[in-house]
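Each chain is listed here by its residues.
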Amino acid sequence: MPIDAVVELPDGGFFSTVLRDVSATAAFIVTKRALGIGTVIALDLEVPAPTKTLAHSSHRVTATVVRRTDNGCGIAFVTPPRELVAAIVAAIA
């Protein structure tokens, strides 16, 4: 399930992207930007509602880059809020 996201970089820069392979604890960011392993980022996420409407819920979470590929990077959420975990679980169920 893709999730729209805005990524805030440590230097204050931002970029929009899509998350793939999302779970309650991790995701994959589609990007060509060179984010180094261990980089801490903040994400503003728009998680789709579990119904087939255009509804979504907004969440902010911190994450650490844990792996890098040519197409993007894997991230691990740092202490994701319960509301975000519940929204992700409901959306992917």
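Residues numbered from 1 in each chain as written. Predicted model: local features only at pLDDT ≥ 70, side-chain atom pairs only at ≥ 80, totals over all residues. Heavy atoms only, no water.

Q: Explanation requested: the nonpolar core in the structure shown.
A: By size, the foremost hydrophobic cluster in this structure holds 24 residues, and its most contacted members are Leu 19, Ile 29, Ile 41, Leu 43, Leu 45, Val 47 and Ile 75. The set of elements that each furnish at least two residues to this core consists of strand 1 (3-8), strand 2 (14-20), strand 3 (26-30), strand 4 (40-48), strand 5 (56-68), strand 6 (72-78) and helix 1 (82-92). Sequence-distant contacts of Ile 75, defined by excluding residues within four places in its chain, comprise Thr 25, Ala 26, Ala 27, Ile 29, Ile 41, Leu 43, Ala 63, Thr 64, Val 65 and Val 66. (Core = buried A, V, L, I, M, F, W, Y, C linked by side-chain atoms within 4.5 Å. Buried < 20%, exposed > 50% of the residue type's maximum accessible area, 1.4 Å probe, protein only. Helix = DSSP H or I, 4+ residues; strand = E, 2+ residues; numbered from the N terminus. Contact = heavy atoms within 4.5 Å.)

Q: I would appreciate a short explanation of the pattern of salt bridges in the present structure.
A: When their charged atoms lie close together, side chains carrying opposite charge are able to pair. Tallied over the entire structure, the rule returns two salt bridges. We note a salt bridge from Glu 8 to Arg 60, for which the minimum N-O separation is 2.4 Å. Highlighted residues: Glu 8 in strand 1 and Arg 60 in strand 5, separated in sequence by 52 residues. For Glu 8, a relative accessible area of 24% gives the class partly exposed. A relative accessible area of 43% places Arg 60 in the partly exposed class. Within this structure, Glu 8, Asp 44 and Arg 60 form a network of salt bridges that share partners. (Salt bridge = Lys/Arg side-chain N within 4 Å of Asp/Glu carboxyl O.)

Q: Is there a simple way to think about the sheet that holds strand 6 in this case?
A: A barrel is described by the order of its strands in space; here six strands give the closed sequence 1-2-3-6-5-4, paired in antiparallel fashion. Taken pair by pair, the neighbouring strands of this sheet meet at an average axis angle of 45 degrees, ignoring direction. For strand 1 and strand 4, the ladder comprises five bridges, and the chain directions are antiparallel. Within strand 4, the residue paired with Val 7 across the bridge is Leu 43. (Pairing = 2+ DSSP bridges. Axes fitted to C-alpha atoms, helices over the stretch in contact; angles between N-to-C directions.)

Q: I would appreciate a short explanation of the confidence of the model for the chain in the present structure.
A: For residues with low pLDDT, the predicted coordinates do not support detailed interpretation. Taken as a whole, the chain shows an average pLDDT of 91; of its residues, 96% reach a score of 70 or greater. In the model of the chain, helix 1 stands out as the element of lowest mean pLDDT, 88, in contrast to strand 6, which has the highest, 96. (pLDDT = per-residue confidence, 0-100.)

Q: Can you help me understand helix 1 in this one?
A: If you check which residues of helix 1 are buried, you get Leu 84, Ala 87, Ile 88 and Ala 91. End-on, the buried residues of helix 1 take up no more than an arc of 95 degrees, which puts them together on one face. As for helix 1, its buried residues are in contact with strand 4, strand 5 and strand 6. (Arc of directions from axis to C-beta.)

Q: Help me understand the pairing of strand 2, please; the structure alone is not making it clear to me.
A: Working note: regular strand, side chains alternate between the two faces of the sheet. Here strand 2 shows one buried face, formed by Phe 15, Thr 17 and Leu 19, and one open face, formed by Phe 14, Ser 16, Val 18 and Arg 20. As defined by bridge partners, strand 1 adjoins strand 2 across six bridges and the pair is classed as antiparallel. The residue bridging Val 7 from the neighbouring strand is Phe 15, located in strand 2. The antiparallel hairpin formed by strand 1 and strand 2 contains five residues in its connecting segment, where Gly 12 sits at a positive phi of about 95 degrees. Relative to strand 3, strand 2 runs antiparallel, the two sharing two bridges. Within strand 3, the position partnered with Leu 19 by the bridge is Ile 29. The antiparallel hairpin formed by strand 2 and strand 3 contains five residues in its connecting segment, where Asp 21 sits at a positive phi of about 50 degrees.

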